[in-house]
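Listed below, chain by chain, are the residues.
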Amino acid sequence: MSTRDMSQSVMRRKPIDDIEEENKHSGLFKSLGLWQLTAIGVGGIIGVGIFSLAGLVAAGSEGTPGVGPAVLFSFLIAGLASAAAALSYAEFAGMIPRAGSAYTYGYVALGEIIGWFIGWDLLLEYIAIVAVVAIGISGYFDAFLSGIGINMPVWMTSTADEGKGGIVNIPAILVCLLVTWILSRGTKAFGRFELVAVAIKVILILFIIGLGVFYIDTNNYNPFMPSGFGPVLAGAATVFFAVFGYDAMSTAAEEATDGKKHMPKAIILSLIIAMLLYVAATLVLTGMQNYKDIDPKAGFASAFTGVGLPVIATIISVFAVLSILTVMLTFLLGVTRVWFAMSRDGLLPGWFAKTDRHGTPQRVTWIAGVASAFLAGVFPIKEVADLTNIGILAAFVVVCLSVIIFRYKRPDAPRTFRLPFMPVIPAFGVLASAFLMFQLHWETWLRFGVWLVIGLAIYFFYGRRHSLMNPDSPRHEELVEMHRPLR
């Protein structure tokens, strides 16, 4: 194959006009309405960000100074960057209600190899997110048991890298397997569980904010920014993990009852609700307890214990476990649907795209669940959180670029939501996301680079040859057969 032919093959784009017909053959069930989609988005955004990462960034960790009450600014900066990406996602979701999210948007707008890289990137990042959240749940579960007088052995509640004498985080492993089982029961059952669990979560956070306001000591706000603005920016890169989730929710577009109408609304609603709660919660957390005393793994539990309310701390720990489960469910849903979409398109083996009687891709669900359990069991929370952030930020860069390019290449494509102030907002999203990426440690970049190199090898040895868009692919006939009724 000539260099020109190679270039054309890797840059081929999936036609947007083919997607609706492909959706009819997906095997996924349409069972999610607007409020279930919004609940999945809120469930993915709110969780470990409030219950763990807010405390981690405020208090700091080894080699990383705490930002104190200025963690509020970290969330606002991350939220602003995320909002630009959210609007870009909303425009695409209204045009392309298809499983795969950023992978599919990149494939349609920028070409196959860009779509591949983003899809391959999201496979790792979403699995890592599930692991981060499991570690956060483990911290609250440990706090709950301590509150009722039960102390678990250190060797089974922390990893060796944390320097506490730990070996493996068994509670984190078990919770990964639990959410995998819940998701395996089917999207309809999962949607109902998510709606109820998110309602409980929002009520819990409002309770925490409402009660915590009465225990704020304004002296804890002085100094408000103890380490300067640099660590605040670095903190924004870390808590960025806490201000997305709508992207994973958009992977369920094919399972929405009216994806073109409901997806854009659900994306915007979920981010607005989440940011309002984040601002209030961070002010309460850093006002109740001096930032140096906050427990990075169970911030609110330690804050209420610090003001003499250990019973409330125990209650928070119980409900925090339930509420954080929704984050794991959202992102495990995300990784399975991206994996499913890539396999259906031929870039990965079709074996992974098989669905069961519940319309669920069971094979990828359990593979992803076991992989997240492994990460959660042996790696510390900050390393895994940074790994997730660099991948999602890279996806945001691609989606924001894609929405600009596609607006000018296909202005005629029907859009149920049009991003305002084009191209200013998506351009800001590109710059902000890239800036936050460069705040991450070089080791995070190294791990990310290694993963992408592995993906590049798989694409050229398998994906490019087996892509349904490749006329010489052994699976190309599947695409022809799918569209035969139209001809």
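Scroll up to find the structure.
Visitor: Residues and numbers for the pattern of salt bridges, please.
Guide: Per the counting criterion, the structure on display carries five salt bridges. Between E91 and R407 there is a salt bridge, with the nearest N and O atoms lying 2.7 Å from each other. On the criterion of sequence distance, the pair formed by E91 in helix α5 (residues 71-95) and R407 in helix α16 (residues 381-409) is long-range, its members being 316 residues apart. Residue classification places E91 among the buried residues on the basis of a relative accessible area of 0%. Under the relative-accessibility criterion, R407 is labelled buried at 11%. In this structure, a network of salt bridges that share partners links the residues E91, R407 and R415.

Visitor: Residues and numbers for the packing of aromatic side chains, please.
Guide: The tally for this structure, following the rule as stated, stands at 16 aromatic pairs. For the ring pair W351 and F352, a centre distance of 5.2 Å and an interplane angle of 80° mean the geometry is edge-to-face. Since its relative accessible area comes to 16%, F352 is described here as buried. Through a chain of ring-to-ring contacts, the aromatic side chains of Y89, F92, Y105, F396 and F406 assemble into a single cluster.

Visitor: Quick one: what's the story with a nonpolar patch on the surface, residue by residue and with numbers?
Guide: Residues L174, L177, L178, W181, W366 and V370 make up a contiguous nonpolar surface patch of roughly 560 Å² in combined accessible area. Here the element with the most residues in the nonpolar patch is helix α8 (residues 170-184); it accounts for four residues. Checked against the element boundaries, W366 lands in helix α15 (residues 362-378).

Visitor: Can you lay out the environment of S227 for me, pointing to particular residues and giving the numbers?
Guide: In this structure, S227 sits in the loop between α9 (187-212) and α10 (229-239). Looking at S227, the relative accessible area reads 28%, which means it is partly exposed. Taking the C-alpha atoms as reference points, S227 and P65, separated by 162 residues in sequence, lie 6.6 Å from one another. Those residues within four positions of S227 in sequence are excluded, and the remaining contacts are P65 and G66. Here the side chain of S227 touches G66 through a polar contact of 2.6 Å, landing on its backbone oxygen.

Visitor: If you had to explain helix α18 (residues 442-466) to someone new, which residues and values would you point to?
Guide: Counted at 1.5 Å a residue, the expected span for α18 with its 25 residues is 36 Å, and the 35 Å between its end C-alpha atoms agrees. In the structure, α18 departs most strongly from a straight axis at Y459, where the bend amounts to approximately 50°. Of all the positions in α18, only T444, F448, G455, Y459, G463 and R464 are classed as buried.

Analysis parameters
Residues numbered from 1 in each chain as written. Predicted model: local features only at pLDDT ≥ 70, side-chain atom pairs only at ≥ 80, totals over all residues. Heavy atoms only, no water. Salt bridge = Lys/Arg side-chain N within 4 Å of Asp/Glu carboxyl O. Helix = DSSP H or I, 4+ residues; strand = E, 2+ residues; numbered from the N terminus. Buried < 20%, exposed > 50% of the residue type's maximum accessible area, 1.4 Å probe, protein only. Phe/Tyr/Trp six-rings, centres within 6.5 Å; stacked < 30°, edge-to-face > 60°. Patch = residues over 30% accessible without salt bridge, like charges linked within 9 Å, V, L, I, M, F, W, Y side chains within 5 Å. Areas by Shrake-Rupley, 256 points an atom, 1.4 Å probe, with all protein chains shown as cover. Contact = heavy atoms within 4.5 Å. Polar contact = N/O pair within 3.5 Å; in protein donor to acceptor, adjacent residues only side chain to side chain. Expected span 1.5 Å × (residues − 1). Bend = angle between axes of the 7 residues up to and from the residue.

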